[in-house]
Number of protein chains: 2
Amino acid sequence: MIEEPEKIISHMQHAIYLAKKAWGQTHTNPMVGAVIVEGGKVVSEGYHQRSGGKHAEIIALESYKGTPKADTTLFITLEPCSTAGRTGACTNAIITSGIKHVVIGTLDPNPNHSGSGVTLLKSAGISVKVGVLEEVCREMNVIFNHWIVHQKPLCALKIAMTLDGCMAASTGHSKWITGELARNDVMNWRKLFPAIAVSQNTVSADNPQLTSRLNDEVFCSRRFVFNRALRDLENYKNYHLFTDDFKLETIVVHGTEASRDKVEALEAMGIQAWEISESEGKLDMSEFLKLCAKKEIPGVFIEPGAKLATHMISNGLVDYMYIYQSPKFLMDQKGHSLGVERFSELMDESVRLINLKRIYFGEDTLITGNLQNF
Amino acid sequence: MIEEPEKIISHMQHAIYLAKKAWGQTHTNPMVGAVIVEGGKVVSEGYHQRSGGKHAEIIALESYKGTPKADTTLFITLEPCSTAGRTGACTNAIITSGIKHVVIGTLDPNPNHSGSGVTLLKSAGISVKVGVLEEVCREMNVIFNHWIVHQKPLCALKIAMTLDGCMAASTGHSKWITGELARNDVMNWRKLFPAIAVSQNTVSADNPQLTSRLNDEVFCSRRFVFNRALRDLENYKNYHLFTDDFKLETIVVHGTEASRDKVEALEAMGIQAWEISESEGKLDMSEFLKLCAKKEIPGVFIEPGAKLATHMISNGLVDYMYIYQSPKFLMDQKGHSLGVERFSELMDESVRLINLKRIYFGEDTLITGNLQNF
């Protein structure tokens, strides 16, 4: 058994590093990393590469060539599964391996299974330590953790705003609110999420790529464009989203009341489309999220304007927020900020962020947290 | 000479603790603490208690009864003065004392004197170390540092706001944006500043006391109320500011166009008043600040509504901000936020906070910084 806390942490850090090699590539499964340590050294390791692929601990066990010694320890970022899925229960494989010590980052987030793997291992006479770098191990699977419990996508909003809450000046000008470091960080989340979404307003104004450009790699998740009435189709030939190498990843989400002509025009362009209900002149975003669930999309990273953000938060559809805040005051009476078409009488009507985390990018701050709805 | 960094820091921390015993009570002078250490022990100490009183290092030197040994060291939070003021130059007293080692928290902020004290001490063969807990030593005298350079009061705004920049709902409701811990922290700044100011709107709506209530002590700085046209005088008999034990500390600031009847009514109530110019239907706040300078008030802590805050920031009159931010979204289209009557076309027109500091109160954050004006 490894006793020194700093060594336990160091090996778990390595397992986390391995897990994150598959950053955003394991949906609808979690990222998981595993290492086997013997005589103070890592003698085997593995990580889950994609849904349907082998689990991290199985890869580590299979590439482990020795016979477990008294101190041989398996580190896993997530509690091993206790029910045989596509790949067989990992707890059985661990028990069979003869390894007598297991260190687990965080428990299975599924309340039906949480702790079962630990119980099975302990029943087999294995010493189990749970909760090492627990918050990190849990947080990296923020999408999976939500999906496995709710069977609905984690709906996350990304917003950049000034200290006084402005997302753009009254003219729409918003380049830039935050500095380059903060803007680059968005690339990480675009890669983490299986789907990115923006409104047609954003496409028309900024012609974004919505790809994740990290180091020399360009990655593209599924891209949704909310375009209820199919406006601005005549310019689609000029937009990255419909013309670049990843154009097949782009799906236009339009309303049932969009004209047939336009729907046909979109089809003629070979662009994928989803049709969803409308209510009060707006797309029914809850139907959009249900459709994502049906298509097994476990998370959507929305980069909304003030109007869409207000609508979604007000309707209790948002689970998680990424707020990039710059220490500036725009002080524009007509600046775009949350609250479009929404009125509150009391401070108590506000929505709260919980499980706050803060990351600093120079003078800018990324504030993340779950939205505690009304 | 004391070599161990942790001991140097520990003694400077004690000097800072001493300095802060006079928190807010030394204007227009800085807070300063001093300790004399010999054989690893504090053998004498002192702090500056009030303007006109003895300087910290003089008190420490006077109560030092021994003869300096080879290791005897004087710690001072601020560079000793090199010019004889009301109390004689401290550098001379140090040199005469025979102490051969001096550790200084931060240099004199006055560019005309900065470093002179150090030079004089060094010329006398004293070893001098500068810059221990420098930021803390400098920050605690944020008011003095500004005053001594500009001979104008440090104009600070205190604002509580939600993440989306709301200071109140459209109805004016603002109780409470932040939690109790953050609200209590304001008491510290009310005690630090020699003057507090609010608009008549705030008095009419909230009937605040504007005192600093810390532990069992109630402290009251000078209190300013901005009431251009002398509205609401009929209710003055109901407001704390004009009736409590500290009513003589309250000064109403009104405009030159206030009616003579009202000015006389105010006089009849025995309330102090300042009359300042008006321009475009507003009090000329720069004249107010000049008048503060003339009266040797080195700092004003304004607790403004959105309108006053916007006006002052837009006019480049604000030096420092205390932003208490809660992780909430009010999302009120007509919520009170900065930007009243101000329009911006470009994000570049925003005003930036620099020298940022953050202090956490539960989930709330106090963000302080200097305002980098346009």
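Residues numbered from 1 in each chain as written. Chains lettered and ligands numbered in written order. Predicted model: local features only at pLDDT ≥ 70, side-chain atom pairs only at ≥ 80, totals over all residues. Heavy atoms only, no water.

**Quick look at the sheet that holds strand 7 (residues 195-199) of chain B**
Selection criterion: One requirement defines pairing of two strands: DSSP has to find at least two bridges between them. Numbered from the N terminus, helices here are DSSP runs of H or I no shorter than four residues, and strands are runs of E no shorter than two. Here, two residues are considered to be in contact whenever any of their heavy atoms come within 4.5 Å of each other. Axes here mean lines fitted to C-alpha atoms, for a helix over just the part in contact, with angles spanning 0 to 180 degrees between N-to-C directions.
The 10 strands are arranged 17(A)-18(B)-19(B)-16(B)-6(B)-15(B)-7(B)-10(B)-11(B)-12(B) in an open sheet whose pairing can be described as mixed. The sheet terminates laterally at strand 17 (328-329) of chain A together with strand 12 (272-276) of chain B, the two strands that pair on one side only. Across 7 bridges, strand 6 (residues 154-162) of chain B lies against strand 16 (residues 320-326) of chain B in parallel orientation. Bridge pairing links B:Ala156 to B:Tyr320 in strand 16 of chain B. Across the sheet, helix 6 (residues 142-150) of chain B is in contact with strand 6, strand 15 (299-302) and strand 16 of chain B; its angle to strand 6 of chain B comes to roughly 140°.

**Structural notes on the packing of aromatic side chains**
Residues and elements named next belong to chain A. Filter applied, for reference: Stacked, tilted and edge-to-face are the three classes assigned to paired rings of Phe, Tyr and Trp, where Trp is represented by its six-membered ring and a pair needs centres within 6.5 Å; plane angles under 30 degrees give stacked, over 60 edge-to-face, the rest tilted. When the NZ atom of lysine or the CZ atom of arginine is within 6 Å of a ring's centre and also within 35 degrees of its normal, the charge is said to sit over that ring.
Across all of its chains, the model carries 26 aromatic pairs over all chains by this definition. Taken together, Trp23, Trp189, Phe193, Phe301, Tyr320 and Tyr322 form an aromatic cluster joined through their ring pairs. Over the ring of Phe219 we find Lys191, and its NZ or CZ is 5.6 Å from the ring centre.

**A few points about the domain arrangement of chain A**
Residue and element names in this part refer to chain A. Selection criterion: Each domain's extent was defined by an automatic or database domain assignment. Each of two parts loses accessible area, computed with a 1.4 Å probe, when they are put together; buried area is these two losses added. Any Lys or Arg side-chain nitrogen found within 4 Å of a carboxyl oxygen on Asp or Glu counts as a salt bridge. Polar contact is defined as a pair of N or O atoms within 3.5 Å, subject to the rule that within protein one atom must be able to donate a hydrogen and the other to accept it, and that residues adjacent in sequence are counted only when both atoms are side-chain atoms. Here the term charged refers only to Asp, Glu, Lys and Arg, the term nonpolar to Ala, Val, Leu, Ile, Met, Phe, Trp, Tyr, Cys and Pro, and the term polar to all other amino acids, Gly among them.
Annotation of chain A at the domain level lists domain 1 (5-141) and domain 2 (152-372). A C-alpha centroid distance of 35 Å is found between domain 1 and domain 2. Carbon and sulfur atoms supply 62% of the area that domain 1 and domain 2 bury against each other, a total of about 810 Å² over both sides. When the shortest N-O distance is used, the salt bridge between Glu139 and Lys357 registers 3.9 Å. The interface formed by domain 1 and domain 2 holds 3 residue pairs in polar contact (both at pLDDT 80 or more) in total. When grouped by side-chain class, the residues that make up the side of domain 1 that touches domain 2 number 3 nonpolar, 4 polar and 2 charged.

**Considerations on the relation of the copies chain B and chain A**
To keep it simple, the criterion reads: A least-squares superposition brings the copies together, and it is based on the C-alpha atoms of residues with pLDDT no lower than 70 in both.
For the pair chain B and chain A, the superposition axis carries a translation of 0.0 Å, the fit reaches an RMSD of 0.0 Å, and the rotation angle comes to 180°. One copy is carried onto the other by what is essentially a two-fold rotation axis. Residues of chain B ranked by C-alpha distance from the rotation axis are headed by B:Gly165, positioned 2.1 Å from it. A high fraction, 100%, of the interface residues of chain B reappear at the interface in chain A, so the copies pair face to face through one surface.

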